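Chain by chain, the residues:
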Amino acid sequence: MKSLQNFDAFAKPLKDFRIKTLSGALVSIISSLIIGILFTSELLSFTRTRSKQEIIVDVNRGEKMSIYLDITLNFIPCRFLSLDTMDTTGAQQLNVMHEVYKTSVSVDGIPLSDSVRHAVNDASAITTTRDPNYCGSCYGAESPSRKCCNTCEEVQMAYNEMRWVFVNISAFEQCRKENWNEIKQKIGNEGCRIHGNLTVNRVGGAFHIAPGHSYTENHAHFHSFQSLGPVQFNVSHSIGELRFGDSYPGQVNPLDGTKMAVQTRKY
């Protein structure tokens, strides 16, 4: 064993020959601080989530993508808003209701009702109280595919199909029973929060939220305001969250928290 100790390259001096100096203490303290800082920074770097951006060509077809949105329009009631999606494949989905909910809010964004899942111009409360055999008049706009117009919305759709102007809404029985004139008075005094998930084809496309009755003609998308008459809309809005795809830690959505205020009302 003693012969093996001769290979020790780090022989320790006797305790009597050790001298502690101020410079040695400073070097020891500084070295310890540097070691501690390096260890802490490396530990934080190891535990921190990093976002890495990559562009990948998606060769899959027929797959779906989810879009989560939380958007509030402060001056347009939910009754007049529709959410429509379109993509480059030609698929158009009107009044999308894929887990999308509407909540009536005040102009300050305070909820006025519970979140409900419904379509624009929902007249279910009217149709449930009528005779099951009721067949409302379309006022001359009947067609082979539409013999009856039981709601104000169906009258509007019939007029759009005939390309007729829908002006005096109080002249139609269905609209009077649904109190459309009273509902129109809420425009500018009540808002709507639209939130939930959309499921769309994973291709280039667009979705939009707009007032009026939405319809498609000759592969083109339109919004009709004829039933609303000469009314003005203030499209001021705020985006609480707008996310494409599944969420992940550290995700940054550039439009989150965006607010747009319109100083003058526009049609």
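Residues numbered from 1 in each chain as written. Predicted model: local features only at pLDDT ≥ 70, side-chain atom pairs only at ≥ 80, totals over all residues. Heavy atoms only, no water.

An unreviewed UniProt entry lists the protein chain under the name Endoplasmic reticulum-Golgi intermediate compartment protein 3, from Schistosoma mattheei.

### With respect to the sheet that holds strand S10 (residues 258–260)
Worth spelling out the cut-off: A pair of strands is considered paired only if DSSP assigns at least 2 bridges between the two. Strands here are runs of E lasting at least two residues and helices are runs of H or I lasting at least four, both read from the DSSP assignment and numbered beginning at the N terminus. An axis is simply a line fitted to the C-alpha atoms; with a helix, the fit covers only the stretch in contact. Between two such axes, the angle follows the N-to-C directions and lies from 0 to 180 degrees.
Across the sheet, five strands lie side by side as S4-S5-S1-S9-S10; this open sheet has antiparallel pairing. In this open sheet, the two edge strands, each paired with only one partner strand, are strand S4 (100–105) and S10. Taken over all neighbouring pairs, the strand axes of this sheet differ in orientation by 15° on average, direction set aside. The pairing of strand S1 (residues 64–73) with strand S5 (residues 191–201) spans ten bridges and is antiparallel. Counterpart to isoleucine 71 in the pairing with S5 is isoleucine 194.

### Observations regarding unusual backbone geometry
Even without being a glycine, tyrosine 139 presents a positive backbone phi close to 55°. Along the chain, tyrosine 139 turns up in the loop between helix H3 (124–127) and helix H4 (152–162).

### Quick word on the side chain of lysine 102
What counts is decided by this rule: Exposed residues in this analysis have more than 50% of their type's maximum accessible area, buried residues have under 20%, and partly exposed residues fall in between, with area computed by a 1.4 Å probe over protein chains only. When charges are counted, Lys and Arg are positive and Asp and Glu negative, with His and the chain ends excluded. Here, a salt bridge means any side-chain nitrogen of Lys or Arg that lies within 4 Å of a carboxyl oxygen of Asp or Glu. Nitrogen and oxygen atoms within 3.5 Å of one another constitute a polar contact, given that in protein one can donate a hydrogen and the other can accept it, and given that sequence-neighbouring residues count only through two side-chain atoms.
Within the secondary structure, lysine 102 is located in strand S4. For the buried residue lysine 102, which engages in no salt bridge, the nearest side chain bearing the opposite charge is aspartate 84, 8.5 Å off. In this structure the side chain of lysine 102 is engaged in a polar contact, spanning 2.8 Å, whose partner is the backbone oxygen of leucine 81.

### Looking at the packing of aromatic side chains
To be explicit about the condition: Ring pairs shown here join Phe, Tyr and Trp side chains whose ring centres sit within 6.5 Å, with only the six-membered ring taken for Trp; geometry is labelled stacked below 30 degrees between planes, edge-to-face above 60, and tilted in between.
Applying the stated rule across the entire model yields two aromatic pairs. Measuring from ring centre to ring centre gives 4.9 Å for tyrosine 139 and phenylalanine 172, while their planes differ by 80°; the resulting arrangement is edge-to-face. One end of the pair, tyrosine 139, is in the loop between H3 and H4; the other, phenylalanine 172, is in the loop between H4 and helix H5 (173–177), with 33 residues separating them in the sequence. A relative accessible area of 28% places tyrosine 139 in the partly exposed class. According to the relative accessible area criterion, phenylalanine 172 is buried, its value standing at 8%. Between tyrosine 159 and phenylalanine 172, the ring centres sit 5.6 Å apart and the planes meet at 85°, which makes this aromatic pair edge-to-face. You can see tyrosine 159 sitting in helix H4 and its partner phenylalanine 172 sitting in the loop between H4 and H5, a full 13 residues away along the chain. For the pair shown, tyrosine 159 and phenylalanine 172 are each scored as buried.

### Digging into the nonpolar core
What counts is decided by this rule: In this description, a nonpolar core means a group of buried Ala, Val, Leu, Ile, Met, Phe, Trp, Tyr and Cys residues linked to one another through side-chain atoms lying within 4.5 Å. Only heavy atoms enter the contact rule, under which two residues are in contact if any of them lie within 4.5 Å.
Grouped together as the largest cluster of nonpolar side chains are 31 residues, with contacts concentrated most on Leu69, Ile194 and Leu198. Elements with a contribution of two residues or more to this core: S1, strand S2 (81–87), H4, helix H6 (180–184), S5 and strand S9 (237–244). The residues contacting leucine 69, other than those within four sequence positions of it, are Leu83, Ile194, His195, Gly196, Leu198, Phe207, Ile209, Glu241 and Leu242.

### Considering the environment of tyrosine 101
Mapped onto the elements of the fold, tyrosine 101 is located in strand S4. C-alpha separation for the pair tyrosine 101 and cysteine 78, spaced 23 residues apart in sequence, amounts to 10.0 Å. Within the structure, tyrosine 101 has its side chain in polar contact with the side chain of glutamate 99 (distance 3.2 Å).

### A look at the UniProt feature "transmembrane region" (unreviewed entry) in the protein chain
Quick note on the threshold: UniProt positions are given in the numbering used here, feature names are shortened, and annotations may be inferred rather than shown by experiment.
Mapped onto this numbering, the UniProt entry gives "transmembrane region" (unreviewed entry) at residues 21–40. Taken as a whole, residues 21–40 contains 95% helix and 0% strand, while its terminal C-alpha atoms sit 29 Å from one another.

### As for the state of the cysteines
Note the threshold: Disulfide assignment relies on a single distance test, namely cysteine sulfur atoms paired within 2.5 Å.
Using the criterion set out here, one finds four disulfides in the structure. Residue cysteine 138 pairs covalently with cysteine 149 via a disulfide, S to S 1.9 Å. What sets the handedness of the cysteine 138 and cysteine 149 disulfide is the S-S torsion sign, and at about 100° it is right-handed. Residue cysteine 138 is found in the loop between H3 and H4, and its partner cysteine 149 is found in the loop between H3 and H4; the two are separated by eleven residues along the sequence. Taking the relative accessible area as the measure of exposure, cysteine 138 reaches 0% and is therefore buried. When its relative accessible area of 0% is taken as the criterion, cysteine 149 is described as buried. There is a disulfide in this structure between cysteine 152 and cysteine 175, and the S-S distance comes to 2.0 Å.

### Describing the pattern of salt bridges
If you walk through the whole model with that rule in mind, you get three salt bridges. Salt-bridge contacts for aspartate 70 lead to arginine 193; the nearest nitrogen and oxygen are separated by 2.9 Å. Linking aspartate 70 in strand S1 with arginine 193 in strand S5, this pair joins segments that are 123 residues apart in sequence. Taking relative accessible area as the criterion, aspartate 70 reaches 15% and is therefore assigned buried. Across the pair lysine 177 and glutamate 173 runs a salt bridge whose closest N-O atoms are separated by 2.9 Å. Of the two residues, lysine 177 and glutamate 173 are both situated in helix H5; the distance of four residues between them amounts to about one turn of the helix.

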